[in-house]
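# Structure at a glance
Chain residues, written in single-letter form:
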Amino acid sequence: MKTISLSIFILMSHFAVAQHFTEEKKEIQRMVWQFKESIIKKDSATFNSLFHENPVVWIGVVKNRSQQKRLEINPSNRKNYFKDTYQNFFHYIMEKGRKEEKFDKIRIVNDDVIASVSFDYSFREENIVTNWGSEYWHLIKADGKWKIVSIIYSYENAKFFPINSR
């Protein structure tokens, strides 16, 4: 009887943990949706609320074939990465015109206090893809809320390589 009770306890514990992680993933998915919607709506309050206090890492790396094209145009443009801040990115979002980031193949890996989110993205201005690649976020759960502490992404220039050339 003790073995059956122990087995039931272990099974219920695993079920409770699985439900907890499902709720955590739902919170993170909601955060991804808020990120996307805040860009479309140009909602700086929501966008800024998604990030942990500074410093937050924000780095883009130009993919090799786009970098080769950049070098053909300007050989002195040797640096294949750029760093920025989420605040500067949002200033760009606020400029004239519709901007949107679309996400595909979203993957979330987490425990109860840290997480990573990765996905393929395409960035659009006035419904035209300007760049695309892969994006990775690192999150922490601070004071009960998920917050982004870093974003790194690859950058393929759609002018050189349209998104269907993946």
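Below is a summary of the structure that appears in this document. Remember, it's a predicted structure, so these values are computed and weren't measured experimentally.

## Some details on the side chain of Glu-100
Locating Glu-100 in the fold gives a position in strand β3 (residues 99-110). Glu-100 sits in the buried class, given a relative accessible area of 8%. Among the polar contacts made by the side chain of Glu-100, one reaches the side chain of Arg-98 at a distance of 3.1 Å. Residue contacts for Glu-100: discarding those within four places in its chain leaves Lys-36, Ile-39, Ile-40, Ser-122, Phe-123, Arg-124 and Asn-127.

## Re the sheet that holds β3
Spatially, six strands are ordered β2-β1-β6-β5-β4-β3 in an open sheet, and the strand pairing comes out mixed. The outermost strands of the open sheet, each flanked by one partner alone, are β2 (81-83) and β3. Pairs of neighbouring strands in the sheet enclose a mean axial angle of 20 degrees, with direction left out of account. Two elements, strand β1 (residues 57-62) and strand β6 (residues 145-157), share six bridges in a ladder whose sense is parallel. Note that in β6 the partner of Gly-60 across the bridge is Tyr-153. Strands in contact with helix α4 (residues 86-94) are β1, β3 and β4 (114-125); relative to β4, the strand with the most contacts, it is inclined by about 25 degrees.

Rules used in this analysis
Residues numbered from 1 in each chain as written. Predicted model: local features only at pLDDT ≥ 70, side-chain atom pairs only at ≥ 80, totals over all residues. Heavy atoms only, no water. Helix = DSSP H or I, 4+ residues; strand = E, 2+ residues; numbered from the N terminus. Buried < 20%, exposed > 50% of the residue type's maximum accessible area, 1.4 Å probe, protein only. Polar contact = N/O pair within 3.5 Å; in protein donor to acceptor, adjacent residues only side chain to side chain. Contact = heavy atoms within 4.5 Å. Pairing = 2+ DSSP bridges. Axes fitted to C-alpha atoms, helices over the stretch in contact; angles between N-to-C directions.

Take it as geometry only, folks, not as evidence of what the structure does.
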